[in-house]
Each structure stands twice: as structure tokens, then as C-alpha cells.
Amino acid sequence: MISRRNFLRGVSGVVAATGAIRPLLAWATDSSLLIPGEDGMIVRSARFFDLETPPEFLTSWITPVPRFFVRNHMHEPSTLDADSWRLTISGEVEKPLTLSLADLARLEKHTVTNTLECAGNGRGFQQPHVPGIHWQKGAVGNARFGGPRLRDLLQRAGVKPTGKHVMFHGLDEVPGKVPPFIRSIPIEKATDGDTLIATQMNDAPLSKHHGFPARSLVPGWIGAASCKWLSEIKVLDKEFDGNFMKPGYRFPNQPVKPGDAVNPDDTHVVTALNVKSVIATPVDGSTLKSRSIHLQGVAWAGEADIARVEVSTDAGATWKLARLDHEQAKYAWRLWTYAWKAPKAGDYTLMARATDSQGRTQPETAVWNPSGYLYNAIDRVKVHVQA
Ligand code: MTE
């Protein structure tokens with residue numbers, strides 16, 4: 001992890017060395033690009049923008065866009081003109097389409113409040129460590145996404161009976177020999193009434209970091225399903241098998257131990273999110289001046305609903321129900337709180353575990369896998385309570 005100050009020093013060095021000021025200026029209206037890490041975000045990678053939300057910000061029902069994590073596998077498009085941008089729909093369809101932003105705006109708009117979580121969120125807690133960005137708690141956010149339903153676009157194009165999967169291709173600038181970010185989802189999820197071609201986030205046009213002018217929004221599924229800077233939709237007769245589908249974003253079918261060789265044919269594509277909760281405050285390692293402590297956090301479960309969140313203030317010996325906030329929506333996280341009076345001064349381990357409507361409960365230890373996907377172990381923070 002690098003600090004914001006070092007990051008900015010690094011950016012100005014790169015700009016001076018390469019004259020790369022132009023792409024930055026092309027997006028000058030997007031202030032969050034000019035100062036990545038603004039608003040206290042953790043800069044996980046400077047080469048591509050990868051920003052994590054600090055845990056203490058995970059306390060609002062809707063995550064403000066400047067505090068919403070950013071995950072980029074490669075460079076963001078350096079220029080994108082809303083007037084000349086086009087979205088094509090081709091492949092196994094009767095009538096290939098080319099649509100402008102104005103065409104999308106003419107279609108019925110649908111809004112979905114969705115918790116978007118990166119499959120690698122929590123990877124930094126996997127033991128032993130695995131390669132990849134060491135996200136901790138904050139590669140997750142909850143936003144209101146708006147735009148036409150993908151189903152309506154597919155209906156206009158007329159999917160042939162051979163159309164079984166829907167592929168998304170974004171306009172990322174691909175460095176060197178890196179394969180482009182292309183992924184696909186099954187036709188059943190693509191035609192679900194909540195799967196969108198989102199043009200809005202929190203009631204404003206998508207920002208550059210989050211995929212302007214349009215992205216797919218595949219609710220309840222890992223963030224990678226929701227392709228940013230979308231330019232091409234292609235209906236396929238089978239699952240797309242490029243790098244970001246295989247070997248990327250796959251989970252072993254059988255339990256594996258660190259060091260085991262995993263046969264890619266004995267893995268499956270990661271789709272829906274796990275049940276998970278995190279403690280937002282107090283933050284790990286904090287010293288608390290009062291014995292009256294307000295625990296707060298969020299809990300989510302992908303396509304399922306949160307049934308309950310339990311809190312332990314004695315390192316897991318006993319558990320009590322947390323209070324779930326009234327705000328709720330399918331695919332969205334629940335805010336939770338727990339008011340606790342520490343019996344005396346001292347060191348405490350606070351824990352939170354969620355259970356969902358499918359009966360899944362967070363485990364003590366997450367299922368280890370070579371890419372560190374879907375980490376959802378019971379969250380814990382250590383605090384010191386002063387007298
Ligand atoms: N879409 C494109 N075109 N390029 C990307 O690198 N990253 C994916 C997804 N869509 C990505 C993408 C991943 S891994 C995640 S977790 C989400 O975008 C993150 O969305 P956000 O940056 O809006 O939070």
C-alpha cells in the first residue's frame with residue numbers, strides 16, 4: 001500500500017517524464033481522477049487505479065461515489081466522448097444493433113440498489129498469502145445503479161435459440177500483451193429483470209472510474225461481472241473462455257491446500273457473492289476512551305438476504321444479535337449496529353458473523369483458494385478499552 005502523498009509524487013513524476021498530461025486533462029471535469037486517494041481512500045495500486053474504502057467509511061446505506069472502491073485491471077480509457085460512443089450488440093441475434101447514449105436514454109429506466117464487491121475483497125487476510133491485490137475489508141460498496149434492462153436490449157436484437165451466454169467487452173487501454181477484459185454471463189442472468197446496462201450511479205451519470213458512459217450491472221454477482229466502459233455486447237453459443245474467465249475468476253471444485261496443483265478443468269466460474277459482514281467501527285487496533293461502545297458494520301449476501309448478524313465481544317465465547325437497520329433492498333447490504341458496555345478496561349476481540357436467507361453462515365476460516373476469492377471469514381477487530 002502507498003500513501004496518497006507518495007502516490008501524487010509518483011504521478012507527477014510520471015507526467016513529467018512522459019508528458020502524459022493529455023489523458024489526465026481529457027478527464028479534467030472528473031476531479032476524483034486528478035487526485036486519486038482523495039477523501040481518504042487507500043491507494044492499493046498506482047499503475048492502474050485501485051482504490052479501497054477504509055473500513056470506517058462502510059457505515060452509510062449508499063456509498064458516496066468518491067468513497068466507492070475502484071478496481072481496474074488495466075488503464076482506464078484516456079478519452080471517451082459521450083456523443084461518439086456507441087454500444088454494439090451482435091453474435092447470436094436476429095438483428096445486430098448499434099446504440100448511442102441517447103438511444104439508451106430513450107429506453108425504460110430501471111434502478112437497482114446493489115452491493116458491488118470485488119471477488120478478491122479480503123484477499124489480504126488469506127493465510128498463507130496468495131498473489132494479487134491485498135484488499136482488506138473495503139473492496140465493496142453499495143450504490144443505486146440506473147439504466148435500461150439488458151433484457152430489453154436483447155429483446156430488440158432478438159436472441160436466437162443458439163444464444164446461451166452474453167459477453168461484455170470494455171474500452172480499457174490494454175497494456176502490452178495483457179489480454180483484454182472480456183467476460184460473459186449465462187443468458188438466464190442476462191435476461192433477469194434486474195441485470196442492467198447502467199448509465200447512472202447514485203442518480204448521476206457514471207463517473208470515469210466506475211465505467212462512464214455505460215457498464216453492465218450484474219446484481220449479486222462478483223464485481224468482475226459488471227464490465228465498465230462497455231462498448232460491445234455479443235451473444236455467444238457457449239461461455240466465453242478468455243483469460244478473465246479461465247484461468248481468471250475461477251474457484252476449485254474440490255478443497256485445495258496451499259501448494260496443491262489445481263487442474264483448471266476442475267474449477268468453476270465465480271458468480272454470486274458469499275454471505276459476509278464486516279465491522280466498520282471501532283477499527284482494528286483502536287484505543288477507546290469510553291466503555292460505552294457503538295459497534296457498526298455492514299452485511300451482505302449476494303443474491304440472498306441477510307437473516308441476522310451476531311456480535312461477540314469476548315472473542316467468540318458468546319454471541320448476541322445485532323440490530324439490523326430498516327434500509328433494505330434485494331442485492332443490497334444491511335447496516336447493523338450493536339451497543340456494548342465493556343465490563344472493564346482491557347483488551348477485547350470483537351467479532352461479527354452474518355447468516356443469510358439460504359442458511360449460510362460466515363465460517364471461522366475462509367475456504368482457502370489459490371486466488372484468494374470470496375474471502376468471508378468471521379470479521380474480528382482488537383480494541384483496547386481505557387478505564
Ligand atoms: N470492467 C472493465 N472494463 N475493466 C476492469 O478492469 N474490473 C472489474 C469490474 N469491471 C473491470 C471492469 C472488477 S474486478 C470489479 S471488482 C469491478 O469492475 C469494480 O467496479 P468499480 O471500479 O466501479 O468499483
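What counts and what doesn't
Residues numbered from 1 in each chain as written. Predicted model: local features only at pLDDT ≥ 70, side-chain atom pairs only at ≥ 80, totals over all residues. Heavy atoms only, no water. Helix = DSSP H or I, 4+ residues; strand = E, 2+ residues; numbered from the N terminus. Rg over C-alpha atoms; globule rule 2.2 N^0.38 Å. Buried < 20%, exposed > 50% of the residue type's maximum accessible area, 1.4 Å probe, protein only. Contact = heavy atoms within 4.5 Å. Areas by Shrake-Rupley, 256 points an atom, 1.4 Å probe, with all protein chains shown as cover. Polar contact = N/O pair within 3.5 Å; in protein donor to acceptor, adjacent residues only side chain to side chain. 1 Å grid on protein atoms, 1.4 Å probe; cavity = no way out; pocket = protein on both sides within 12 Å on 5 of 7 lines; lining within 4 Å. Points joined across faces, edges and corners; volume = space filled by probe spheres on them. Nonpolar A, V, L, I, M, F, W, Y, C, P; charged D, E, K, R; others polar. Lys, Arg positive; Asp, Glu negative; His and termini not counted. Salt bridge = Lys/Arg side-chain N within 4 Å of Asp/Glu carboxyl O. pLDDT = per-residue confidence, 0-100. Near = heavy atom within 4 Å. Sits in = over half its atoms within 2 Å of the grid points. Phe/Tyr/Trp six-rings, centres within 6.5 Å; stacked < 30°, edge-to-face > 60°. Lys NZ or Arg CZ within 6 Å of the ring centre and 35° of its normal.

**What about the overall build of the chain?**
No. 1: Helix and strand content of the chain: six helices and 25 strands.
No. 2: Computed over its C-alpha atoms, the radius of gyration of the chain comes to 21 Å, within 12% of the 21 Å expected for a compact globule of 387 residues.
No. 3: Oriented by its inertia axes, the alpha-carbon framework of the chain measures out at about 70 × 50 × 45 Å.
No. 4: Burial analysis of the chain (387 residues in total) assigns 53% to the buried set.
No. 5: For the chain, contacts bridging at least 24 residues in sequence account for 71% of all contacts bridging at least 6.
No. 6: Accessible surface, the chain: about 17100 Å² in total, of which carbon and sulfur atoms supply 52%.

**A short note on the side chain of K137**
No. 1: For K137, the location among the structural elements is in the loop between strand 6 (109-117) and strand 7 (140-148).
No. 2: With relative accessibility at 9%, the residue K137 sits in the buried group.
No. 3: Side-chain polar atoms of K137 contact the side chain of D379, separated by 2.8 Å.
No. 4: Not counting residues within four places of it along the chain, the set of residues in contact with K137 comprises E52, P55, L58, N121, F125, V278, I279, D379 and V381.

**As for empty space enclosed by the protein**
No. 1: The final tally for this structure, using the stated rule, is one cavity of 30 Å³ or more.
No. 2: Size it by volume and the largest cavity reaches roughly 230 Å³.
No. 3: The wall of the largest cavity is formed by 19 residues, among which R71, R215, G223, S226 and K228 lie closest to the centre.
No. 4: Here the lining of the largest cavity is built from residues that sort into 10 nonpolar, five polar and four charged.

**Observations regarding the side chain of R123**
No. 1: Here R123 is to be found in the loop between strand 6 and strand 7.
No. 2: Here R123 is buried and forms no salt bridge, its nearest opposite-charge partner D50 lying at an N-O distance of 9.1 Å.
No. 3: Side-chain polar atoms of R123 contact the backbone oxygen of I133, separated by 2.9 Å.
No. 4: The contact partners of R123, leaving out residues within four places of it in the chain, are V130, P131, G132, I133, H134, W135, S371, G372, Y373 and Y375.

**Some words on the environment of L217**
No. 1: Inspection of the secondary structure assignment puts L217 in strand 13 (residues 215-217).
No. 2: Spatially, the C-alpha atoms of L217 and K228 are 8.9 Å apart, while their sequence positions differ by 11 residues.

**Observations concerning unusual backbone geometry**
No. 1: A cis amide bond links Q127 with the next residue in sequence, P128, at an omega value of -10°.
No. 2: Considering the arrangement of structural elements, one finds P128 in the loop between strand 6 and strand 7.
No. 3: Cis geometry marks the peptide bond from F212 to P213, where omega comes out at 5°.
No. 4: Here P213 shows up in the loop between strand 12 (204-205) and strand 13.
No. 5: For W229, which is not a glycine, the phi torsion comes out positive at approximately 50°.

**Examining the confidence of the model for the chain**
Regions with low pLDDT carry predicted coordinates that are not meant to be interpreted in detail.
No. 1: Overall, the predicted model of the chain reaches an average pLDDT of 91, with 90% of residues at or above 70.
No. 2: When the elements of the chain are averaged for pLDDT, helix 1 (residues 4-18) gives the smallest value, 33, and strand 6 the largest, 99.
No. 3: Counting interchain partners and residues more than four positions distant, the pLDDT-below-50 stretch residues 1-33 has 43 contacts.

**What to know about the pattern of salt bridges**
No. 1: The final tally for this structure, using the stated rule, is 15 salt bridges.
No. 2: Across the salt bridge formed by E303 and K189, the nearest N and O atoms sit 2.7 Å from each other. Of this pair, E303 sits in the loop between strand 19 (292-300) and strand 20 (306-312) while K189 sits in helix 6 (residues 187-190); the two residues are 114 residues apart in sequence, bridging distant segments of the chain.
No. 3: Here R308 and E310 are joined by a salt bridge, their closest N and O atoms 3.9 Å apart.
No. 4: For R308, a relative accessible area of 36% corresponds to the partly exposed category.
No. 5: Overall, the relative accessible area of 13% leaves E310 in the buried class.
No. 6: Sharing partners across several salt bridges, the network here consists of R308, E310 and R353.

**Things to note about the site of the ligand**
No. 1: Around the ligand, the structure places 20 residues, and the nearest of them are F69, D172, H210, R215 and K228.
No. 2: In this structure, an oxygen atom belonging to the ligand sits 2.6 Å away from a side-chain N or O atom of H210.
No. 3: Here R215 contributes a side-chain N or O atom positioned 2.7 Å from an oxygen atom of the ligand.
No. 4: Its free accessible area being 530 Å², the ligand has 100% of it covered by the protein chains.
No. 5: Given that more than half its atoms are within 2 Å of the pocket grid, the ligand belongs to the largest cavity.
No. 6: Residue composition of the shell around the ligand, by class: 10 nonpolar, six polar and four charged.

**Some remarks on the packing of aromatic side chains**
No. 1: All chains considered together, the criterion is met by seven aromatic pairs.
No. 2: A ring pair is formed by F125 and Y375, whose centres lie 5.7 Å apart and whose planes are at 45°; its orientation type is tilted. Taken together, the positions of F125 in the loop between strand 6 and strand 7 and Y375 in the loop between strand 24 (346-356) and strand 25 (379-385) put the pair 250 residues apart, joining distant regions of the chain.
No. 3: Under the relative-accessibility criterion, F125 is labelled partly exposed at 33%.
No. 4: When the ring of F181 is compared with that of F244, the centres are 5.0 Å apart and the planes differ by 50°; the resulting orientation is tilted. Here F181, found in the loop between strand 8 (165-170) and strand 9 (182-186), pairs with F244, found in the loop between strand 14 (230-236) and strand 15 (250-252); they are 63 residues apart in sequence, far enough to count as distant.
No. 5: By relative accessible area, F181 is classed as buried at 9%.
No. 6: Among the aromatic side chains, those forming a connected cluster through ring pairs are F68, F69 and W135.
No. 7: One cation-aromatic arrangement involves R67 over F57; the distance from NZ or CZ to the ring centre is 3.6 Å.

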